[in-house]
Amino acid sequence: MMLGTDVSDLTTTAADAAAQGLSIVIPVYNEAAGLSLLHERLSALARTLRQRFGLACEVVYVDDGSSDNTLAVARTLGADALDVQVVSLSRNFGKEAALMAGLDHARRGAVMFMDGDGQHPPALVEQLVTHWIKDGYDVVYTAKAHRDNESFLRRIAVHGFYALINWGARQKIPEDAGDFRLLSPRAVAALRQLPERNRFFKGLASWIGFRQIRVDYEPAPRAHGATTFNLMRLVGLSIEGLTSFSVAPLRFASLLGLLLASAAFLFGLSILWETFTTGKSVPGYPSLVVGLMTIGGVQLIMIGVLGEYIGKILSELKARPIYFVAEHSEKRAPETAANHGERSAAE
């Protein structure tokens, strides 16, 4: 019995990569105001990719339970230069679930993930595709060139997150890497083989391996509105990523427990030494209370860490679907429709 998956037959070369095409997956949540403009830019991009590489494209918009008219706008988008799929989820399942829904519905060979807020510049896609088709990379991921516009505390928090999640990990997650990335057909096949329901795409895309390259970029200003990721949501996402992809919190808990036990042992030795040398009993009420509160607080933290992992185990055992699709529509570009008709006639 094989415990792995052979995807070597999906290796792409410059000659056959274009024939497999590219699916652009874009999760959207309350992005009605800028969706039409984004689609126009993607249509122009699709024409450029077809002209330069002969690459057929499709875009998969995944509406993650938007409360505005995002779905209504998505239904009106035309398929002039690329195929358009609109996948509407039954409620807001979160970005990771929306990315998985787009991956499941992608019908081309390679897959690219982008955000729907306009901060991922479509003009950069041409460079990512070049790295895939011309240079033979399987995973082309982007990362912020710098964080100069962010606060010092946020930069420290981000650095600490990646340091913790990569602590002891065999396959490191590149710091500052985002979801804006391109996956070759065999990388897509490998990602689809991963069965867990608590998914952290940044980590999984790095874990699968293959040839990977980093492309630095500066995110464009949001086309409209403000980000919905506040401090609490960012903290929640960080905890989700840590507990879904790393055992570093458990290792940290073990080391902290060992450190406290060692400190308590040394403190006990110091008390015994003072008692034997001076003959005086050390007043212990304040130190006892502080010690009990410290140990009790640490124990509660460790129980919380264990609870997070037990919750992940429970979620996996329940095996609930990651998402439900309430509506799915598709429009084909004229050239794609013509090719599809020719194949149907030949059959």
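Presented here is a report on the structure given in the accompanying data block. (Residues numbered from 1 in each chain as written. Predicted model: local features only at pLDDT ≥ 70, side-chain atom pairs only at ≥ 80, totals over all residues. Heavy atoms only, no water.)

1. What to know about the nonpolar core
- Grouped together as the largest cluster of nonpolar side chains are 41 residues, with contacts concentrated most on Leu22, Ile26, Leu42, Leu49, Leu55, Tyr61 and Val129.
- Take this core: its biggest share by element is eight residues, from helix H2 (residues 32-53).
- Sequence-distant contacts of Ile26, defined by excluding residues within four places in its chain, comprise Leu38, Leu42, Val59, Val60, Tyr61, Val62, Met114, Asp115 and Gly116.
- Within the second largest apolar cluster, 28 residues are counted, among which are Leu89, Phe113, Leu194 and Ile208. (Core = buried A, V, L, I, M, F, W, Y, C linked by side-chain atoms within 4.5 Å. Buried < 20%, exposed > 50% of the residue type's maximum accessible area, 1.4 Å probe, protein only. Helix = DSSP H or I, 4+ residues; strand = E, 2+ residues; numbered from the N terminus. Contact = heavy atoms within 4.5 Å.)

2. Section: H2
- Over its 22 residues, H2 runs 31 Å from end to end, which matches the ideal 32 Å to within 8%, given 1.5 Å per residue.
- All buried positions along H2 are accounted for by Ala32, Gly34, Leu35, Leu38, His39, Leu42, Ser43, Leu45, Ala46, Leu49 and Phe53.
- Just downstream of H2, Gly54 is the residue with a positive phi angle, here 70°. (Expected span 1.5 Å × (residues − 1).)

3. Some remarks on the environment of Tyr309
- Assignment of secondary structure puts Tyr309 in helix H11 (residues 285-318).
- The class for Tyr309 is buried, based on a relative accessible area of 12%.
- Residues Tyr309 and Leu250, 59 residues apart in the sequence, show an inter-C-alpha distance of 9.1 Å.

4. Quick word on the sheet that holds strand S3 (residues 83-89)
- With respect to topology, eight strands assemble into an open sheet ordered S7-S5-S6-S4-S1-S2-S3-S8, the strand pairing being mixed. Whereas interior strands pair on both sides, the edge strands pair on one side only; in this sheet they are strand S7 (212-217) and strand S8 (325-331). Neighbour-to-neighbour, the strand axes of the sheet open up by a mean angle of 20°, direction not taken into account.
- Where strand S1 (residues 22-28) and strand S2 (residues 57-63) come together, seven bridges link them in parallel fashion. Bridge pairing links Leu22 to Cys57 in S2.
- Sitting on the sheet, H2 is in contact with S1, S2 and S3, with an inclination near 160° to S2.
- Packing of helix H7 (residues 185-192) onto the sheet brings it into contact with strand S4 (110-113), strand S5 (139-144) and strand S6 (177-183), and relative to S6 it is tilted by some 120°. (Pairing = 2+ DSSP bridges. Axes fitted to C-alpha atoms, helices over the stretch in contact; angles between N-to-C directions.)

5. Re a nonpolar patch on the surface
- Taken together, Phe265, Leu266, Leu269, Leu272 and Phe276 make up a surface patch of nonpolar side chains, about 580 Å² in accessible area.
- For Phe265, the position within the fold is in helix H10 (residues 248-278).
- A relative accessible area of 55% means that Phe265 is categorised as exposed. (Patch = residues over 30% accessible without salt bridge, like charges linked within 9 Å, V, L, I, M, F, W, Y side chains within 5 Å. Areas by Shrake-Rupley, 256 points an atom, 1.4 Å probe, with all protein chains shown as cover. Salt bridge = Lys/Arg side-chain N within 4 Å of Asp/Glu carboxyl O.)

6. Overview of the environment of Val86
- Summarising the element assignment, Val86 is placed in strand S3.
- For the pair formed by Val86 and His328, sequence separation is 242 residues and the distance between their alpha carbons is 5.7 Å.
- Setting aside chain neighbours within four positions, we find Val86 in contact with Tyr61, Leu71, Ala74, Glu327, His328 and Ser329.

7. Overview of the pattern of salt bridges
- Enumeration according to the criterion identifies eight salt bridges in this entry.
- Note that Asp83 is salt-bridged to Arg108, the shortest N-O span being 3.2 Å. You can see Asp83 sitting in strand S3 and its partner Arg108 sitting in the loop between helix H4 (95-105) and S4, a full 25 residues away along the chain.
- Residue classification places Asp83 among the buried positions, given a relative accessible area of 3%.
- Across the salt bridge formed by Arg332 and Glu330, the nearest N and O atoms sit 3.8 Å from each other.
- Judged by relative accessible area, which is 36%, Arg332 ranks as partly exposed.
- Salt bridges linked by common partners bring Arg107, Glu330 and Arg332 together as one network.

8. A short note on the side chain of Glu96
- For Glu96, the location among the structural elements is in helix H4.
- Look past the residues within four positions of Glu96 in its chain and what remains in contact with it is Arg199, Phe200 and Phe201.

9. Comments concerning empty space enclosed by the protein
- This model, assessed by the stated rule, comprises one cavity of 30 Å³ or more.
- Of the voids in this model, the largest cavity is the one considered here, and its volume is about 40 Å³.
- For the largest cavity, the full set of lining residues is Leu99, Phe113, Asp179, Arg181, Leu183, Leu191, Phe201, Lys202 and Ala205.
- For the lining of the largest cavity, the residue count by class is six nonpolar, no polar and three charged. (1 Å grid on protein atoms, 1.4 Å probe; cavity = no way out; pocket = protein on both sides within 12 Å on 5 of 7 lines; lining within 4 Å. Points joined across faces, edges and corners; volume = space filled by probe spheres on them. Nonpolar A, V, L, I, M, F, W, Y, C, P; charged D, E, K, R; others polar.)

10. A word on H4
- Burial of H4 is extensive: nine of the eleven residues sit out of reach of the surface.
- Buried within H4 are the following residues: Glu96, Ala97, Ala98, Leu99, Met100, Ala101, Gly102, Leu103 and His105.

11. Things to note about the pairing of S2
- In terms of residue burial, S2 counts as a mostly covered element, since seven of its seven residues are buried.
- Burial along S2 is two-sided: the residues Cys57, Val59, Tyr61 and Asp63 and Glu58, Val60 and Val62 are all buried.
- Between S1 and its parallel partner S2, the chain crosses via H2, and the hand of that crossover is right-handed.
- Two elements, S2 and S3, share six bridges in a ladder whose sense is parallel. Of the residues in S3, the one forming a bridge with Asp63 is Ser88.
- Taken together, S2, helix H3 (residues 70-76) and S3 constitute a β-α-β crossover, and its handedness is right-handed. (Right-handed = clockwise from strand over helix to strand, strands pointing away.)

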